[in-house]
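Breakdown of the fold
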Amino acid sequence: MKKTTKIAFALHSWLGLISGIFLLLLGLSGSALVFMKEIDQQLNADLLRVHPPAPHAAPIPLDRVYRQITAHHPNLAGIAWLNPNAAADQAWAFRLYQNDGRISTYDLGLMNIDPYTGKVLREGKLREFNPGLMHWILQFHWSFQLGLPGLLLATIFGITMLLSMLTGLIIYRKFFWRVLLFRVPFKWDNWRRASSSLHRMIGVWTLLFNLIIFFTGFWMNMFSMDPAYWKKQMRPAPENTLAEVSMDSMLRRAKASMPDLMIKNIYLPTQPGKDFRISGLRKGQLPLFYNPNSVSIDPKNGRIVHVHRFEDMGIWEKIESSFMPLHTGSFGTTPVKVGYVLLGLTPGLLSITGALLFWRRRSKTKGSV
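The structure contained in this document is the topic of the report that follows.

1. Focus: a positive patch on the surface
- A surface patch of positive charge is lined by K231, K232, R235, K274 and R277.
- When you line up the elements, R277 lands in strand β6 (residues 276-282).

2. Quick notes on unusual backbone geometry
- The backbone phi angle of F144 is positive, close to 55°, even though this residue is not glycine.
- Of note, F144 is situated in the loop between α5 (133-143) and α6 (147-171).
- Take F144: its relative accessible area is 6%, and that puts it in the buried class.

3. Concerning the pattern of salt bridges
- What the rule picks out here adds up to eight salt bridges.
- Two residues, E38 and K337, come together in a salt bridge whose shortest N-O distance is 3.5 Å. Taken as a pair, E38 in helix α2 (residues 36-43) and K337 in helix α14 (residues 334-344) lie far apart in primary sequence, 299 residues in all.
- Given a relative accessible area of 36%, E38 falls into the partly exposed group.

4. Section: α14
- Looking at α14, one finds that the buried residues are K337, Y340 and G344. The buried residues of α14 all sit within an arc of 55° when viewed along its axis, so they share a single face. More than 90 degrees from the buried face of α14, the exposed residues found are P335 and L342.

5. Points about the side chain of T346
- Its location among the elements puts T346 in helix α15 (residues 346-367).
- At 2.5 Å, the side chain of T346 and the backbone oxygen of L343 are in polar contact.
- Apart from the residues within four sequence positions on either side, T346 is in contact with I202, T206 and N210.

About the thresholds
- Residues numbered from 1 in each chain as written.
- Predicted model: local features only at pLDDT ≥ 70, side-chain atom pairs only at ≥ 80, totals over all residues.
- Heavy atoms only, no water.
- Patch = residues over 30% accessible without salt bridge, like charges linked within 9 Å, V, L, I, M, F, W, Y side chains within 5 Å.
- Areas by Shrake-Rupley, 256 points an atom, 1.4 Å probe, with all protein chains shown as cover.
- Salt bridge = Lys/Arg side-chain N within 4 Å of Asp/Glu carboxyl O.
- Lys, Arg positive; Asp, Glu negative; His and termini not counted.
- Charge placed at Lys NZ, Arg CZ, Asp CG, Glu CD.
- Helix = DSSP H or I, 4+ residues; strand = E, 2+ residues; numbered from the N terminus.
- Buried < 20%, exposed > 50% of the residue type's maximum accessible area, 1.4 Å probe, protein only.
- Arc of directions from axis to C-beta.
- Polar contact = N/O pair within 3.5 Å; in protein donor to acceptor, adjacent residues only side chain to side chain.
- Contact = heavy atoms within 4.5 Å.

Printed below as a string of structure tokens:
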């Protein structure tokens, strides 16, 4: 068993050193993103606040906005309306899925539009600061702003953190329950003992949280390990093929087919083979699941092609639909989100204390030579 512990310790140390700085950056950016919408609204309050021309004024047609976006961006892989439930004084937000054919860039864009005039209030690619700091951080969290290689790197570091937690569990197996029950005293004698106690305590107490965060992050980014996805991204998006049926007409039909759906996202197709789709939660459903209900419509003829309901999903599909809310903390109220912010900093603290422990051990080894 001593040999197993020794191997586990060596792996734990090197995994932490190799991925430490990246885990620190992932933790910091992830914590910031918990309140992404709220922070972005505060930072850009004047820019994103719109003024209805009259009380209860109707916004312009969605189809007009769709044609406007596609005319300005003639080569889009797709468009997502991010806030179809926006307040009357809030700008509409659209995610633009772009592809320039280079793996060095991750081509996501944002466009905010005044729903009463059609005026573009904010626009830009997420690898730039034009759409705002929080959206830049969002793409940084996914890919370190390094394109597909960065996305793959973030996925790999999710694996290294999972392995680090496994090896840490082997190392501290004798202390696990004692630490969890506060039966191991915290030693402040010097920085060496303090860093060791802090590393052990944080690792044990945040084990389940970090296991959930890094497993869900890895699972959702696992597509970055698919060679077919890389080949697809190396082909620039072709010219838009616009829907033949009005967006507003399809939206009305989709709503009628699932009237109790609280729409969270609307996908607007720009390429052949893609459907118009609304998705979200139905009334009474827990926010622990990410948009598990949807209605898809063929943009060529306006016919409903698929209605997807949460109750028709398989067990694993239901579990998988919880990964996004569990990863981001979006399922909870403010106290839960604050907890996510604080716990999201722990991978960075583990990296720092782990590096201190490694340096202490190396110093001891050199001193004994």
